[in-house]
Amino acid sequence: MEEKKKLLEELEKQCSSCSRCGLCRGRHNVVFGVGNPEAEVMFIGEGPGEQEDLKGEPFVGKAGILLDKMLTAIDLDRNKNIYIANIVKCRPPQNRDPEPGEQDICIAWLRRQFAVVRPKIIVCLGRIAAARIIKPDIRIKREHGTVIKKGGVLMMPVLHPAALLRNPSDKPGAFQDFLDLQKLIRENCEHTYDGIPQYD
Ligand code: SF4
């Protein structure tokens, strides 16, 4: 636990002064990630929005509140038993999608986070993250909730919570995905629901 925590803290420190791509110019904060370094489940979004940029934490705006509610419903908690990060760590201007070139550069940080946490399950929040992590031609409206195994890691794309705020009629399907995720965790994870080591 201490080892992983220290490694993530060191990575975050390095990342906080990153200027490898142009997104560094408009940021207030680098949004590195949040969660338990021992997490077996990692959630990955596309990039910070306005609130995330101001606070330096992923998924803290309206979409983040919805995400937290959905997580709570299946006994997950960003401060206890999961880890959350984004493909790019700095806010794209006007909340545009991160460009492929920006993703190509920034994903090196995510790879290093992944190498430390070593999750068993990755949940991709929305099309951009799913296209980058799972497969480039993913049809998120059709394929959300499906599970594939890649590089020994189980991966599930889900609808982005911001998309659910825009299209509330998609919420029941998205919630079913979370129930399926809960089952997947119970079947494949050792301590997410049972005695995950806590950190301060
Ligand atoms: S988005 Fe990523 S690569 Fe670009 S400056 Fe921020 S941390 Fe560095």
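Keep in mind it's a predicted model, so treat the numbers as computed, not measured. (Residues numbered from 1 in each chain as written. Predicted model: local features only at pLDDT ≥ 70, side-chain atom pairs only at ≥ 80, totals over all residues. Heavy atoms only, no water.)

### Overview of the site of the ligand
Definition in use: Residues are classed as near a molecule or strand on a simple rule: at least one heavy atom within 4 Å of it. Buried and open spaces are told apart on a 1 Å grid over the protein atoms alone, a cavity being a set of points where a 1.4 Å probe fits but cannot get out and a pocket being an open set with protein on both sides within 12 Å along at least five of seven lines. Residues with an atom within 4 Å of a point are the lining residues. Molecules are considered to sit inside a cavity or pocket once more than half of their atoms lie within 2 Å of its grid points. Residues are grouped as follows: Ala, Val, Leu, Ile, Met, Phe, Trp, Tyr, Cys and Pro are nonpolar; Asp, Glu, Lys and Arg are charged; all remaining types, including Gly, are polar.
With respect to spatial proximity, the complete set of residues near the ligand consists of Cys18, Arg20, Cys21, Leu23, Cys24, Arg27, Lys89, Cys90, Ile105, Cys106 and Trp109. Counting atoms within 2 Å of the grid points, the majority share of the ligand lands in the largest cavity. Residue classes in the shell around the ligand are distributed as eight nonpolar, no polar and three charged.

### Focus on empty space enclosed by the protein
Test applied: Grid points are joined across faces, edges and corners, and a volume is the space filled by probe spheres set on the points. Counting from the N terminus, the helices are DSSP H or I runs at least four residues long and the strands are E runs at least two residues long.
On inspection of all chains with the given rule, the structure shows two cavities of 30 Å³ or more. Space inside the largest cavity adds up to approximately 110 Å³. Looking at the lining of the largest cavity, the element that brings in the most residues is helix H4 (residues 100-117), giving three residues. Taken together, the residues of the lining of the largest cavity break down into eleven nonpolar, one polar and three charged. Reported here for the second largest cavity is a volume of approximately 30 Å³. In terms of lining residues, the second largest cavity is bounded by Leu67, Met70, Leu125, Val158, Leu159, Pro161, Leu164, Ala174 and Phe178. Every element with two or more residues in the lining of the second largest cavity is listed here: helix H3 (62-73), helix H7 (161-166) and helix H8 (171-188). The residue inventory of the lining of the second largest cavity, partitioned by class, reads nine nonpolar, no polar and no charged.

### A short note on the packing of aromatic side chains
Within a pair of aromatic rings, the relevant descriptors are the distance that separates the centres and the angle that separates the planes. Note the following rule: Between 30 and 60 degrees the pair is tilted, below 30 it is stacked and above 60 it is edge-to-face, where a pair is any two Phe, Tyr or Trp rings, Trp via its six-membered ring, whose centres lie within 6.5 Å. The rule is short: NZ of Lys or CZ of Arg within 6 Å of the ring centre and within 35 degrees of the ring normal puts a charge over the ring.
Enumeration according to the criterion identifies one aromatic pair in this entry. Of note, Lys89 hangs over the ring of Phe32, and the distance from its end group to the ring centre comes to 5.9 Å. Stacked on the ring of Tyr193, the Lys or Arg Arg186 has its end atom at 4.4 Å from the ring centre.

### Let's talk about the environment of Gly173
The test is simple: Each residue gets one of three labels from its accessible area relative to the maximum for its type: buried under 20%, exposed over 50%, partly exposed in between, using a 1.4 Å probe on protein chains only.
Note on placement: Gly173 falls in helix H8. Its relative accessible area of 30% is what places Gly173 among the partly exposed residues. Spatially, the C-alpha atom of Gly173 lies 8.6 Å from that of Gly145, the residues being 28 residues apart in sequence.

### A look at H8
Formally: For a helix, the expected span equals 1.5 Å multiplied by the residue count minus one. The reported arc concerns the directions from the helix axis to the C-beta atoms and nothing else. Here, two residues are considered to be in contact whenever any of their heavy atoms come within 4.5 Å of each other.
Spanning 18 residues, H8 covers 25 Å between terminal C-alpha atoms, matching the ideal 26 Å at 1.5 Å per step. All of the buried residues along H8 are Ala174, Asp177, Phe178, Leu181, Gln182, Leu184 and Ile185. Angular distribution of buried residues about the axis of H8 spans 165°; they occupy a single face of the element. Of the exposed residues in H8, the ones pointing more than 90 degrees away from its buried face are Pro172, Lys183, Arg186 and Glu187. If you follow the buried residues of H8, they end up packed against strand E2 (41-45), H3, strand E4 (121-125), strand E6 (153-158) and H7.

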